Amino acid sequence: MNILRANLKHLYQRRTYLFLTIFFGAIAFLVLEEIIEAASGNKQGGFVAPVLWMFLVGSVVVSLPLEILTKPYFLLFARTQEYTETVCVLHWTGIVISLVA
Amino acid sequence: MINDKAIVEMRNVSKRFGRIQAMDNIDLDIRRGEIIGLLGSNGAGKSTLLRVIIGLYLADQGRCDTFGTDAGKLGPKELGRIGYVHQEGELLDWMSVKQLIRYVSAYYDTWDHQLEERYIKDFDISLDDRVGSLSPGQRQKVAILLAIGFGPELLILDEPASALDPIARSRFLDLLLQIIQQENRTIIISSHILSDVEKVIDHTLIMRSGAILRDCSFDSLREEFVRFTLTSLNGQLPSELGFGDAISCDVSGSKAVVTVRNTAEKILEDKARDLNCEIEFRPLPLEELYKIIVS
């Protein structure tokens, strides 16, 4: 199994996060609608909701890798460096996209 | 002198935490295939030494090479050869045992699924339980499975049995013996439950206040210190028996229990004959040896 995939599985493996994943997933289509409306010029200030949604989803997704990366035990896994680099790339990509948006 | 066969080489390694000198100028070679008992009281520096070996702590001074690489720069290749069971039993509590095994196995190309299945069966591990709800014994079994599942050449056990009750500890040791017999691994066991450790080790490392007091084979340690009982064949024994180099000598009526160091059994037998006594040698348990060396 791919390391990134193994880490994304935490979102449903941890019960609290399973609830949050379902919750944020359920309102994703509303957020998408906001983006489409704002992009077509029908609604002013429509990007506030997607940005807020992205911030919350980002916080949830990031908190688990951070929790794991702070455990000394994790640092001994053979390919941990590979995963840390992937997480860093994803986080910076997310930050850049948010800033551009 | 650096040993070609050593998988861990420490030279003049020191580590300090504030005012506490956790490691003080340590030189150490760990050779392939050794089963090492790392002994010492709390705060002796055992865990620090183990963490320097695997790169979790960096030495303030000196050099530590593990598998020929600076311990602070261990890459996937070296880490894939090291299994570590830590004192705190730190695992990901929210996962089920099965999920945790799958998660950890994702980090290792060499994960042995057959070995995993065998240990799950042998250890009697329940895969569906949440890790956070496991008993200390079950938790330790999972930690060991995760540490050996990829077939590490160096297995480091930091107080592996400290959380276990006597029965679970005994089962754990049986299991450890099984692991040792099956594979030719280098194992370092840190513990202060000495009666347990002595069943499995062939080498001893004794630490005190960050320094290594003794680094020798268990057999040579047992040969160095001898305890024997003298039984007089004609009444009371004199209070002074004349064992000038005795570490301890307790005389009680016609019997005496004496501990000596570096004295050949032949010499002791001759001396017993002179005193008109019967002599009976008893091997010293590791706990006694440890007390003598530390004191």
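Only a predicted model underlies this, so the values are computations on that prediction, with no experimental measurement involved. (Residues numbered from 1 in each chain as written. Chains lettered and ligands numbered in written order. Predicted model: local features only at pLDDT ≥ 70, side-chain atom pairs only at ≥ 80, totals over all residues. Heavy atoms only, no water.)

Draft legend 1. A look at the overall build of chain B. Helix and strand counts for chain B come out as 10 helices and 14 strands. Overall size of chain B, expressed as C-alpha extent along the three principal axes, is 75 × 45 × 35 Å. Buried positions account for 51% of the 295 residues belonging to chain B. Within chain B, counting contacts between residues at least 6 apart in sequence, those at least 24 apart form 66% of the total. (Helix = DSSP H or I, 4+ residues; strand = E, 2+ residues; numbered from the N terminus. Buried < 20%, exposed > 50% of the residue type's maximum accessible area, 1.4 Å probe, protein only. Contact = heavy atoms within 4.5 Å.)

Draft legend 2. View of the environment of leucine 145 of chain B. Residue and element names in this part refer to chain B. Along the chain, leucine 145 turns up in helix H5 (residues 136-148). For the pair leucine 145 and arginine 185, spaced 40 residues apart in sequence, the C-alpha separation works out to 15 Å. Once you skip the residues sitting within four places of it in the chain, leucine 145 turns out to touch Ile101, Trp111, Glu116, Tyr119, Ile120, Phe123 and Ile125.

Draft legend 3. Focus on the side chain of aspartate 196 of chain B. Checked against the element boundaries, aspartate 196 of chain B lands in helix H7 (residues 194-197). Under the relative-accessibility criterion, aspartate 196 of chain B is labelled buried at 9%.

Draft legend 4. Molecular detail of the packing of aromatic side chains. This structure, assessed with the given rule, holds 15 aromatic pairs over all chains. With a centroid separation of 6.5 Å and 70° between ring planes, the pair formed by phenylalanine 77 of chain A and tyrosine 103 of chain B is classed as edge-to-face. Highlighted residues: phenylalanine 77 of chain A in the loop between helix H5 (48-69) and helix H6 (80-100) and tyrosine 103 of chain B in helix H3 (residues 97-105), drawn from two different chains. Take phenylalanine 77 of chain A and tyrosine 103 of chain B: they sit in the same class, and that class is buried. When the centroid spacing of 6.4 Å and the interplanar angle of 85° are considered together, the rings of tyrosine 83 of chain A and tyrosine 107 of chain B count as edge-to-face. Residue tyrosine 83 of chain A is found in helix H6, and its partner tyrosine 107 of chain B is found in the loop between H3 and helix H4 (113-123); the two belong to separate chains. The class for tyrosine 83 of chain A is buried, based on a relative accessible area of 3%. Grouping aromatic residues by their ring pairs yields a cluster made of Phe74, Phe77 and Tyr83 of chain A together with Tyr103, Tyr107, Tyr108, Trp111 and Phe150 of chain B. Cation over ring: arginine 81 of chain B sits above phenylalanine 67 of chain B, and NZ or CZ is 4.0 Å from the ring centre. (Phe/Tyr/Trp six-rings, centres within 6.5 Å; stacked < 30°, edge-to-face > 60°. Lys NZ or Arg CZ within 6 Å of the ring centre and 35° of its normal.)

Draft legend 5. Quick look at the sheet that holds strand S2 (residues 20-31) of chain B. Pairing is antiparallel in the open sheet, where 4 strands are placed in the order S2-S1-S4-S5 (chain B). Looking at which strands have only one partner, the edges of the open sheet turn out to be S2 and strand S5 (69-70) of chain B. (Pairing = 2+ DSSP bridges.)

Draft legend 6. The arrangement of the domain arrangement of chain B in detail. All names here are of chain B. The domains assigned to chain B are domain 1 (6-209) and domain 2 (224-294). For domain 1 versus domain 2, the distance between C-alpha centres works out to 39 Å. Each side of the interface is counted separately: domain 1 has 10 residues, and domain 2 has 6 residues. Summed over both sides, the interface of domain 1 with domain 2 buries roughly 710 Å², with 74% coming from carbon and sulfur. Of all residues in domain 1, the largest losses of buried area upon contact with domain 2 belong to Leu194, Glu198 and Ile206, amounting jointly to 60% of the total for that side. Along the contact surface separating domain 1 from domain 2 lie 0 salt bridges. (Domains from an automatic or database assignment. Buried area = accessible area lost by both parts, 1.4 Å probe. Salt bridge = Lys/Arg side-chain N within 4 Å of Asp/Glu carboxyl O.)

Draft legend 7. Molecular detail of the pattern of salt bridges. The full count for this structure, using the stated rule, is 18 salt bridges over all chains. A salt bridge links arginine 227 of chain B to glutamate 288 of chain B, with the nearest nitrogen and oxygen atoms 3.3 Å apart. Taken together, the residues arginine 227 of chain B in strand S11 (residues 225-232) and glutamate 288 of chain B in helix H10 (residues 286-294) connect sequence positions 61 residues apart. Taking the relative accessible area as the measure of exposure, glutamate 288 of chain B reaches 24% and is therefore partly exposed. Between aspartate 270 of chain B and arginine 273 of chain B there is a salt bridge, with its nearest N and O atoms 3.1 Å apart. Here arginine 273 of chain B and aspartate 270 of chain B lie together in helix H9 (residues 265-274), a separation of 3 residues that amounts to about one turn. On the accessibility criterion, aspartate 270 of chain B (27% relative accessible area) is partly exposed. Bridged by salt links that share partners, the residues Arg79 and Glu82 of chain A together with Asp109 of chain B form one connected network.

Draft legend 8. Geometry of the confidence of the model for chain B. Taken over all residues, the pLDDT of chain B has a mean of 87, while the share at 70 or more is 97%. Predicted confidence in chain B is weakest over helix H6 (residues 166-182) of chain B, with a mean pLDDT of 74, and strongest over strand S4 (residues 61-66) of chain B, with 95. (pLDDT = per-residue confidence, 0-100.)

Draft legend 9. Spotlight on the environment of asparagine 2 of chain A. All names here are of chain A. Checked against the element boundaries, asparagine 2 lands in the segment before helix H1 (3-8). Sequence spacing of asparagine 2 and glutamine 13 is 11 residues, and the spatial spacing of their C-alpha atoms is 16 Å. Here the side chain of asparagine 2 touches arginine 5 through a polar contact of 3.2 Å, landing on its backbone nitrogen. (Polar contact = N/O pair within 3.5 Å; in protein donor to acceptor, adjacent residues only side chain to side chain.)

Draft legend 10. Summary view of the interface of chain B and chain A. Across the contact, 22 residues belong to chain B and 23 residues belong to chain A. The contact between chain B and chain A buries some 2300 Å² in all, and 66% of this surface belongs to carbon and sulfur atoms. The largest contributions to the chain B side of the interface with chain A come from Trp94, Tyr103 and Tyr107 of chain B, which together make up 33% of the buried area. The interface formed by chain B and chain A holds 1 salt bridge in total. With a shortest N-O distance of 3.0 Å, arginine 79 of chain A and aspartate 109 of chain B are connected by a salt bridge. Within the residue set of the side of chain B that touches chain A, elements represented by two or more residues are helix H2 (76-79) and H3 of chain B. Of the residues belonging to the side of chain B that touches chain A, the class tally is 15 nonpolar, 3 polar and 4 charged. (Nonpolar A, V, L, I, M, F, W, Y, C, P; charged D, E, K, R; others polar.)

Draft legend 11. Just the pairing of S2 of chain B, in detail. Residues and elements named next belong to chain B. Relative to S2, strand S1 (residues 6-17) runs antiparallel, the two sharing 8 bridges. The residue bridging glutamate 9 from the neighbouring strand is aspartate 29, located in S2. A loop of 2 residues connects S1 with S2, the two strands running antiparallel in sequence, and glycine 18 in this loop sits at a positive phi of about 60°.

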